[in-house]
Each structure stands twice: as structure tokens, then as C-alpha cells.
Amino acid sequence: MTKHVTFIIGSLRKGSFNAQFATIAAEALAHRGIDVDYLDFADVPVFNQDTEQPTPTAADRVRTQVAEADALWVFSPEYNFSYPGGLKNLLDWLSRPIKPFDFGGPTPLSGKTVAIASVAGKSAGAGVRAKLAELFRSPFTNNTLIGGEGTGASLTPDAFATGTASFDEETRAKLVAQAEELAAAIAD
Ligand SMILES: Cc1cc2nc3c(=O)[nH]c(=O)nc-3n(C[C@H](O)[C@H](O)[C@H](O)COP(=O)(O)O)c2cc1C
């Protein structure tokens, strides 16, 4: 069966530079016969244990989509040296057990192969990538991280003026190499 990687874009912005970066990775994966789908989590409610059960429809949808993915790739902007709140909220929903109240049992994130990338300011998202790597390295979720803290890109001022980010050859090559590593990791 064709393998598929679910892309999680940490920015909800329509013209997201992270979504632009992700298209390069999607193309590299397509060349290796891997499908990509995107996780739409804009409508997932703020996590509240009082309203966790029955699982709200939007939370149930994203949990199912992630559970069915062969791998995940998170592309996220850096907000205040860390992840955007919406992405953290999504990860909180994804970290809850598949069977209600089965704490210690599998979650939608359990055992997933995961890659990380970020487009941000001067830091190239080093802060958010480190935070994401810390989360995915925790023994609780037992993930395999591809490319460590992943590929980072810094925005140039013209990106904000034009709405289009440009990525240099070195950064593109690093992202494509990460895609190749991910493809190899999920191959039969
Ligand atoms: C609330 C907020 C906080 C931000 N904090 C940082 C930061 O700590 N480091 C950084 O490099 N960029 C920071 N930025 C800039 C974003 O990383 C940058 O605008 C990024 O391109 C947005 O990604 P997107 O185009 O995918 O939405 C911040 C932006 C916002 C809106």
C-alpha cells in the first residue's frame, strides 16, 4: 500500500511561509511514491478535561487522521521561542489515550515516525524545533525522530513584503535530504 505522511502546519495563516516550505518536502516525498495529506486543525477546541469525553467531532477527526498516518511532519513557526498555542493544543489532544481513560495505553502519537521543520525569523526556528524535539523524544510518546531537530529556514525581509518566502539551495537540499531519510524510514 502507498505510504502516506500527514503534514501538520503549525501556522493557521492562509499565506503561511511554513506551508510554502512544506510544498518542497511534499514534492520530494512524491518523487519517492509517498502521498502527503494535511491536517486541518483550525476548528479543534481548546483542550479541557471536563469536555474531553465524548470527544468533540473536530478533535476526533484529527486524532483519527494522525493515528492512520505512516508518519508525521510538523512545520511550525516559532512564537516566542516556542510552539504556537494552537499547535500545542493539538498535540495535547493527540497525546490522550485512544481508548478513553486507558492511561499508559496507546495514543494517536504513539510510536509515530516524526520529522520537524520550521520557517521563522533569525533563529530559523531553533527554539520551536528544540521544543518539538524534546516532546517527540519523550519516552511517553515513543516516537522516532527523523533528522533530529530538523530543517530550519530564516525569513528574509522581502518575504513579508511579497508574501512569498524564498529558500536558498542549501536549505532546500537539507529539507530534501530529510524527506529522503523519512521515506527510507517508513519503506517496507
Ligand atoms: C506571536 C508571534 C511570536 C513570534 N515569535 C517569534 C520568535 O520567537 N522567533 C522567531 O524567529 N520568529 C517569531 N515570530 C515570527 C514568526 O516566526 C514568523 O512570522 C513566521 O514566518 C510565521 O510563520 P507562517 O508564515 O508560517 O505563519 C513570531 C510571530 C508571532 C505572530
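Residues numbered from 1 in each chain as written. Predicted model: local features only at pLDDT ≥ 70, side-chain atom pairs only at ≥ 80, totals over all residues. Heavy atoms only, no water.

Caption draft 1: Local environment of the overall build of the protein. When helices and strands are counted, the protein shows six helices and five strands. Starting at the N terminus and ending at the C terminus, the protein contains elements arranged as β-α-β-α-β-α-β-α-β-α-α. In terms of overall dimensions, the protein has a C-alpha envelope of 50 × 40 × 25 Å along the principal axes. Counting only residues that meet the buried cut, the protein has 47% of its 188 residues in that class. Residue pairs at least 24 apart in sequence account for 76% of intrachain contacts in the protein once pairs closer than 6 positions are excluded. (Helix = DSSP H or I, 4+ residues; strand = E, 2+ residues; numbered from the N terminus. Buried < 20%, exposed > 50% of the residue type's maximum accessible area, 1.4 Å probe, protein only. Contact = heavy atoms within 4.5 Å.)

Caption draft 2: Structural context of the side chain of Ser118. For Ser118, the position within the fold is in strand 4 (residues 113–120). At 2.6 Å, the side chain of Ser118 and the backbone oxygen of Ser76 are in polar contact. (Polar contact = N/O pair within 3.5 Å; in protein donor to acceptor, adjacent residues only side chain to side chain.)

Caption draft 3: How the structure looks around unusual backbone geometry. At the junction of Gln53 and Pro54, the peptide bond is cis and its omega measures out at -5 degrees in the coordinates. Secondary-structure assignment places Pro54 in the loop between strand 2 (35–38) and helix 2 (57–68). With a phi close to 50 degrees, Asn80 is a non-glycine residue in the positive phi region. Here Asn80 is to be found in the loop between strand 3 (71–75) and helix 3 (85–94).

Caption draft 4: Layout of helix 4 (residues 126–136). Among the residues of helix 4, those classed as buried are Val128, Arg129, Leu132, Ala133 and Phe136. Buried residues in helix 4, looked at end-on, bunch into an arc of 135 degrees, giving them a common side. Lining the buried residues of helix 4 we find strand 3, helix 3, strand 4 and strand 5 (144–154). (Arc of directions from axis to C-beta.)

Caption draft 5: Focus on the pairing of strand 4. The element strand 4 is largely enclosed, with a buried count of eight among its eight residues. Neither face of strand 4 is exposed, since Thr113, Ala115, Ala117 and Val119 on one face and Val114, Ile116, Ser118 and Ala120 on the opposite face are all buried. In the sheet, strand 3 pairs with strand 4 via five bridges, with the strands oriented parallel. Within the sheet, the bridge partner assigned to Val74 lies in strand 4 and is Ile116. Between strand 3 and its parallel partner strand 4, the chain crosses via helix 3, and the hand of that crossover is right-handed. Summarising the sheet, strand 4 and strand 5 pair through seven bridges and their orientation is parallel. Note on strand 5: the bridge partner recorded for Ser118 is Gly152. (Pairing = 2+ DSSP bridges. Right-handed = clockwise from strand over helix to strand, strands pointing away.)

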